[in-house]
Amino acid sequence: MNIGIVGLGLIGGSLALDLRHQHTIFGVSRRPETCEQAIARQIVDHASSDLALMAKADVVFLCTPLGAIESTVMQLLPHLSSNTILTDVGSVKGSVVEAIAPHWQNFVGGHPMAGTAESGLDAALTGLFVNRPYVLTPINSTPAKAVETVAELVRSLQAQVYHCSPEAHDRAVAWISHLPVMVSASLIATCLSESSAEVLALAQSIASSGFRDTSRVGGGNPELGRMMAEYNQDELVRSLHAYRHQLDQVITQIEQSDWNSVQQLLTQTQTARPQFLSDSEKE
Ligand code: NAP
């Protein structure tokens, strides 16, 4: 198959690396340097900054930042044949599907649940999607054949395919992806509010695995975090309010020296955590 990838960064480059074993890859990226690098490193077979290159593609993966997906699609559509299947990898699905589906029937919303704190083509990795969930969000008007074609490509990455509505996706990722980014960022920002420079320096020196784990997603790509907030605003605000309510409860329990309730909460969360982890992460 001829596979088109628009946006040769972490996700687009990683898709290209894995799909290139079985398909011919046509890559489009904004900067000519990125296109040259993608060719030189044999990440893609053909590359250009011109979306006309996508005319040859059977399936196009849209891998630009969220804010560029809609405008990119509008510029891309005149170059495509009506059979071309479009799919995106954006971290939010409701607004993307709403913007594209009315203009292109063969569009399947998608979101690979994989990534790193890095960005750009240099960050692209082989095997990034292996054993990771990859969510597809078809709607009633999405042709079954288009969904199955994208699902088959996703399975070839050794990812696990999930199907749900764009709305359910956005609500679920608010809990497990977007809320954690804001909580983790707030954790780092709160530590910085320490008024003693000496204590802050000490905390920074002795921070260990607990802080590393809980601060990781708050120390990631700021543009990506901003896009999550901007494009999944309602669901993120809902989850943040619920989180604040939970924090208020813990504060009250600790202020009142209600140690049984604190232990009860931690017992409950210790039991619940594995339900959010894959088998390999539980080990
Ligand atoms: P990224 O590493 O910054 O890659 C995006 C690439 O797109 C940039 O390197 C840029 O390449 C290119 N680009 C930017 N604007 C463009 C435009 N208008 N037209 C064509 N290319 C353009 O970002 P990413 O982390 O791969 O994220 C890409 C998408 O994946 C986002 O929609 C995000 O929501 C989604 N996603 C990210 C993760 C994650 O953890 N990072 C996980 C799942 C899904 P040049 O400027 O170098 O040409």
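Visitor: Account for the sheet that holds strand S1 (residues 2–6), with residues named and values stated.
Guide: The strand order across the open sheet formed by six strands is S3-S2-S1-S4-S5-S6, and the pairing between neighbours is parallel. Pairing within the sheet leaves two strands with one partner each, and these edge strands are strand S3 (46–48) and strand S6 (107–108). Pairing between S1 and strand S4 (residues 59–62): four bridges, direction parallel. Paired with glycine 4 across the bridge in S4 is valine 60. Across the sheet, helix H1 (residues 10–19) lies against S1, strand S2 (24–28) and S4, angled at about 165 degrees from S1, the strand it touches most.

Visitor: For the nonpolar core, give the residues involved together with the corresponding values.
Guide: In terms of nonpolar packing, the biggest core is built from 35 residues, with Ile3, Ile5, Leu15, Leu19, Phe61, Phe129 and Tyr134 touching the most fellow members. Mapped onto this core, the elements with two or more residues apiece are S1, H1, S4, strand S8 (133–136) and helix H5 (144–156). For isoleucine 5, the residues in contact, after removing those within four places along its chain, are Gly12, Leu15, Ala16, Ile25, Phe26, Gly27, Val28, Met54, Phe61 and Cys63. Membership of the second largest hydrophobic core comes to 24 residues, among which are Val6, Val60, Leu62 and Phe107.

Visitor: So what about the pairing of S2? Which residues, and what values?
Guide: With four of five residues buried, S2 lies mostly within the body of the structure. Across five bridges, S1 lies against S2 in parallel orientation. Looking across to S2, one finds that asparagine 2 is bridged to threonine 24. Remark: the S1/H1/S2 crossover connection has right-handed handedness.

Visitor: For the sheet that holds strand S7 (residues 110–112), give the residues involved together with the corresponding values.
Guide: Hydrogen bonds between backbone groups are what pair the strands of a sheet, and the pairing can be parallel or antiparallel. The strand order S7-S8-S9 describes an open sheet built from three strands, whose pairing is mixed. On the outer flanks of this sheet lie S7 and strand S9 (160–163), each paired with one strand and no other. Put simply, the sheet's adjacent strands are angled 20 degrees from each other on average, direction ignored. In this sheet, S9 lies alongside S8 in parallel orientation, the contact comprising four bridges. By the bridge assignment for S9, proline 133 is matched with glutamine 160.

Visitor: Can you explain the pattern of salt bridges? Please cite residues and give values.
Guide: Summed over all chains, the structure comprises nine salt bridges. Residue arginine 41 pairs with aspartate 122 through a salt bridge whose shortest N-O separation is 3.7 Å. You can see arginine 41 sitting in the loop between helix H2 (32–40) and S3 and its partner aspartate 122 sitting in the loop between S7 and S8, a full 81 residues away along the chain. Since its relative accessible area comes to 63%, aspartate 122 is described here as exposed. The residue arginine 238 makes a salt bridge to glutamate 235 at a minimum N-O spacing of 3.0 Å. Of this pair, arginine 238 and glutamate 235 both sit in helix H10 (residues 233–255), separated by three residues, roughly a single helical turn. A relative accessible area of 41% places arginine 238 in the partly exposed class. On the accessibility criterion, glutamate 235 (15% relative accessible area) is buried. Each of the salt bridges in this network shares a partner with another, and the network as a whole consists of Glu148, Glu152 and Arg155.

Visitor: Can you explain H2? Please cite residues and give values.
Guide: Because each turn of an α-helix spans 3.6 residues, side chains separated by three or four positions in sequence point in the same direction. When we look at burial in H2, the residues that qualify are Thr34, Cys35 and Ala38. Viewed end-on, H2 has its buried residues packed into an arc of 100 degrees, placing them on one side of the element. For H2, the exposed residues set more than 90 degrees away from the buried face come down to Glu36 and Ala40. Elements in contact with the buried residues of H2: S3. Once H2 ends, the next one or two residues include glutamine 42, with phi positive near 55 degrees.

Visitor: I'd like a rundown of the site of the ligand, residues and numbers included.
Guide: Surrounding the ligand, one finds 24 residues, the nearest of these being Ser29, Arg30, Thr34, Ser91 and Gly120. At 2.9 Å, a backbone N or O of arginine 31 approaches an oxygen atom of the ligand. Contacts to the ligand include serine 91, whose side-chain N or O atom sits 2.6 Å from an oxygen atom. Elements represented by at least two residues in the shell around the ligand include exactly H1, helix H3 (66–76) and S7. For the shell around the ligand, the residue count by class is eleven nonpolar, eleven polar and two charged.

About the thresholds
- Residues numbered from 1 in each chain as written.
- Predicted model: local features only at pLDDT ≥ 70, side-chain atom pairs only at ≥ 80, totals over all residues.
- Heavy atoms only, no water.
- Pairing = 2+ DSSP bridges.
- Helix = DSSP H or I, 4+ residues; strand = E, 2+ residues; numbered from the N terminus.
- Contact = heavy atoms within 4.5 Å.
- Axes fitted to C-alpha atoms, helices over the stretch in contact; angles between N-to-C directions.
- Core = buried A, V, L, I, M, F, W, Y, C linked by side-chain atoms within 4.5 Å.
- Buried < 20%, exposed > 50% of the residue type's maximum accessible area, 1.4 Å probe, protein only.
- Right-handed = clockwise from strand over helix to strand, strands pointing away.
- Salt bridge = Lys/Arg side-chain N within 4 Å of Asp/Glu carboxyl O.
- Arc of directions from axis to C-beta.
- Near = heavy atom within 4 Å.
- Polar contact = N/O pair within 3.5 Å; in protein donor to acceptor, adjacent residues only side chain to side chain.
- Nonpolar A, V, L, I, M, F, W, Y, C, P; charged D, E, K, R; others polar.

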